[in-house]
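# Examining the three-dimensional arrangement
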Amino acid sequence: MDVDAVVELYGLHPDQFTTARNRLATALKEAGDADGGAAVKALRKPTMAAWLANHLVRVAPDQIAELTEFGDELRAVVAAGDGPRLRRLTPRRHDLVQRLVATARTDVATMGRVVTPAVSERLAETLDAALVDPGAGKLLRTGQLTSALRHIGFGVVDERGEPVTVRPLKVAKAPPPPRAKTLAKKAAPAKPAAARADVQKWTIQRQRAELQDRLREVEAEYVEAENQRQTAEAELDANEHHIADMHTAIERLINELDQARRELRTAQSQTRKLERALSRAERTAAVARRRRDTQEERLAAFNE
């Protein structure tokens, strides 16, 4: 089986994919490669978001390489727990993704096609998944996606929310733009022995890719888990410091409360003393008032 012809299929617009895939499958079957024909016939048509990602690999390979290389740098920063540097790099992460989405929209517009906001969002999620997950990054670079990707914590899922099972037939960093009219030619009749050898080679390549992808997935899971561990450790440390601060504050408040209680007792004692003094003063004033009244009465009587 001509693997290059299969790779080119994924560069075709979804409207062209099914016809070209069936033509290639028929050509392989007629050439005596029934297994290869069946394998090609089973290939899934890419969704619009997946096709846009595949298209970017072909028309903007340098930007795709920049994205995945930056992903390596970003994951290293996360693994190192360098929060300040991570915050500095985050705007670039969003900029790279949005620039690629804009490139896709502009390029597709020249074909007379429109990218809906929903498809743009799924394309952005795919590019971001390729940036943060090495396995997703490798899948993107093959240019053979059949579904958009989305990173959710410990792994990557497709548009149906299922764990990613897309396996590349061949790693291709920058596949050339597809030529639909050449696919049938690429699937020209081959000798049965050569066809069987191609199938065996393709099977080995696919198994190796599956093992490598699984390793990338496990590594990504470890990086994510280690990042969460470091985050949890930092949060625990901050919480313990907060508890210590609260204990100190409580001790200070208890001391202040004891002091306030002592001052209150002193003030209450002073209040009682002042109340007794007021009572004595009131009695003395009452006696003095009565004396004054008596004298006034005597004076009044004398004057009469």
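Higher on the page you've got the structure.
Basis of the calculations
- Residues numbered from 1 in each chain as written.
- Predicted model: local features only at pLDDT ≥ 70, side-chain atom pairs only at ≥ 80, totals over all residues.
- Heavy atoms only, no water.
- Core = buried A, V, L, I, M, F, W, Y, C linked by side-chain atoms within 4.5 Å.
- Buried < 20%, exposed > 50% of the residue type's maximum accessible area, 1.4 Å probe, protein only.
- Helix = DSSP H or I, 4+ residues; strand = E, 2+ residues; numbered from the N terminus.
- Contact = heavy atoms within 4.5 Å.
- Axes fitted to C-alpha atoms, helices over the stretch in contact; angles between N-to-C directions.
- Parallel < 35°, antiparallel > 145°, perpendicular 65-115°, else oblique.
- Left-handed = near helix turned anticlockwise from the far one by under 90°.
- Nonpolar A, V, L, I, M, F, W, Y, C, P; charged D, E, K, R; others polar.
- Patch = residues over 30% accessible without salt bridge, like charges linked within 9 Å, V, L, I, M, F, W, Y side chains within 5 Å.
- Areas by Shrake-Rupley, 256 points an atom, 1.4 Å probe, with all protein chains shown as cover.
- Salt bridge = Lys/Arg side-chain N within 4 Å of Asp/Glu carboxyl O.
- Lys, Arg positive; Asp, Glu negative; His and termini not counted.
- Charge placed at Lys NZ, Arg CZ, Asp CG, Glu CD.
- Expected span 1.5 Å × (residues − 1).
- Arc of directions from axis to C-beta.
- Polar contact = N/O pair within 3.5 Å; in protein donor to acceptor, adjacent residues only side chain to side chain.

## Some words on the nonpolar core
- By size, the foremost hydrophobic cluster in this structure holds 36 residues, and its most contacted members are Leu52, Leu56, Leu67, Leu123, Leu127 and Leu140.
- At the level of elements, helix H4 (48-59), helix H5 (61-80), helix H6 (83-109), helix H7 (117-132) and helix H8 (134-142) are the ones that each hand at least two residues to this core.
- Tallying contributions element by element places H7 first for this core, with 8 residues.
- In this structure, Leu56 is in contact with Pro61, Ile64, Leu100, Thr103, Ala104, Leu123 and Leu127, ignoring residues within four places of it in sequence.
- Of all hydrophobic cores here, the second largest spans 12 residues; its members include Tyr10, Leu12, Ala20 and Leu24.

## Some words on the packing of H7 against H8
- Running from amino to carboxyl end, H7 crosses H8 at an angle of 120°, the nearest separation of the two axes being 5 Å. Here H8 runs oblique to H7, going by the angle between their axes. The handedness of the crossing between H7 and H8 comes out as left-handed. Residue-level contacts link Leu127, Ala129, Ala130 and Val132 of H7 to Pro134, Ala136, Gly137 and Leu140 of H8.
- Split into classes, the residues belonging to the contact of H7 with H8 amount to 7 nonpolar, 1 polar and no charged.

## What to know about a positive patch on the surface
- Together, Arg272, Lys273, Arg276, Arg280 and Arg283 line one region of the surface with positive charge.
- Within the fold, Arg272 resides in helix H10 (residues 192-303).
- According to the relative accessible area criterion, Arg272 is partly exposed, its value standing at 45%.

## Let's talk about the environment of Arg99
- By the element assignment, Arg99 lies in helix H6.
- Sequence separation of Arg99 and Gln63 is 36 residues, and the distance between their C-alpha atoms is 8.8 Å.

## Some thoughts on helix H2 (residues 14-30)
- With 17 residues, H2 should reach 24 Å at 1.5 Å per residue; the first-to-last C-alpha distance of 25 Å fits that figure.
- For H2, the set of buried residues is Pro14, Phe17, Ala20, Arg21, Leu24, Ala25, Ala27 and Leu28. Angularly, the buried residues of H2 cover 160° about the axis, an arc narrow enough to put them on a single face. Opposite the buried face of H2, at more than 90 degrees from it, the exposed residues are Asp15, Lys29 and Glu30.
- Just downstream of H2, Gly32 is the residue with a positive phi angle, here 95°.

## Some remarks on the side chain of Asp133
- As for its position among the elements, Asp133 is in the loop between H7 and H8.
- For Asp133, which is buried and forms no salt bridge, the nearest opposite charge comes from Arg75, at a distance of 6.9 Å.
- A polar contact is formed between the side chain of Asp133 and the backbone nitrogen of Gly135, at a distance of 2.9 Å.
- A polar contact of 2.9 Å, which involves the side chain of Asp133, links it to the backbone nitrogen of Ala136.
- Ignoring any residue separated from it by four or fewer positions in sequence, one finds Asp133 in contact with Arg75, His151, Val156 and Ala220.

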